[in-house]
Amino acid sequence: MSVPRRRRRLPDEVRAAAVRAVLSLAFTLVGVVVATLASYAGSGMLVPALMAMGLGVFGTMWCLLEILISRQIAAQRARVPGSAHPTAGGRPPSEPLAARPFPRADGSVYQQPHQSHRPAYQPPQPRPRIPAPRP
């Protein structure tokens, strides 16, 4: 029997955008119902209901676009190497471009005095295997 995986919690800005989209959709659906009933009754509420419905459709599309953008931003933020996400950043850390020495025309290297030079990333070396003593 398989255990269902827990869904990851959405980032706060994505959840807030989703709540706004649901509220806007509810507002639009209420406008549709009011416009339909006003058209059946021949009431003067038809024009304001149609305007509210049009604004609701525009607002709902805006909120859906906001959800897409905030999801992309949250996913990009999760891929940053310094983030706390366990799978964030796939490559070993490297030197920033500003810390690299400037090459000179004669082939020598000028190191900026205010920046410390860090050695390049070295993966850990495996320990040498020691053979077991023979009796």
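Every chain's residues receive numbers from 1 upward, in the order its sequence appears when written. Only residues with pLDDT of at least 70 are given local features in this predicted model, and only at 80 or more are side-chain atom pairs given and counted; all residues enter the totals for whole chains, interfaces and linings. Derived side-chain values reflect all non-hydrogen atoms in the structure, with water molecules and hydrogen atoms excluded from consideration.

Participant: Break down the overall build of the protein chain for me, citing the residues and quoting the values.
Facilitator: Put simply, DSSP marks the helices as runs of H or I at least four residues long and the strands as runs of E at least two long, and each gets a number from the N terminus on. Broken down by element type, the protein chain carries two helices and two strands. Seen in sequence order, the protein chain has helices and strands lined up from the N terminus as α-α-β-β. Per-residue burial over the protein chain gives 15% buried out of 135 residues. When contacts within the protein chain are restricted to residue pairs at least 6 apart in sequence, those whose partners lie at least 24 apart make up 48%. Method for areas: the Shrake-Rupley scheme with a 1.4 Å probe, in which residue coverage is limited to the protein chains shown. For the protein chain, the exposed area adds up to about 12000 Å²; of that, 65% sits on carbon and sulfur atoms. Burial here depends on accessible area, computed with a 1.4 Å probe over protein chains only, as a share of the maximum for the residue type. Under 20% is buried, over 50% is exposed, and the range in between is partly exposed. Residue contacts are counted whenever heavy atoms from the two residues lie within 4.5 Å of one another.

Participant: Got a sec to walk through the layout of surface pockets? Specific residues and values, please.
Facilitator: When its volume is computed, the largest pocket comes out at roughly 510 Å³. For the lining of the largest pocket, the elements supplying multiple residues, two or more each, are α1 (12–41) and α2 (46–78). If you tally residues by element for the lining of the largest pocket, the top one is α2, at seven residues. Whether a set of points on the 1 Å grid over the protein atoms alone is a cavity depends on a 1.4 Å probe fitting there but being unable to get out, while an open set qualifies as a pocket with protein on both sides within 12 Å along at least five of seven lines; lining residues are those with an atom within 4 Å of a point. Grid points are joined across faces, edges and corners, and a volume is the space filled by probe spheres set on the points.

That is the geometry; function is a separate question.
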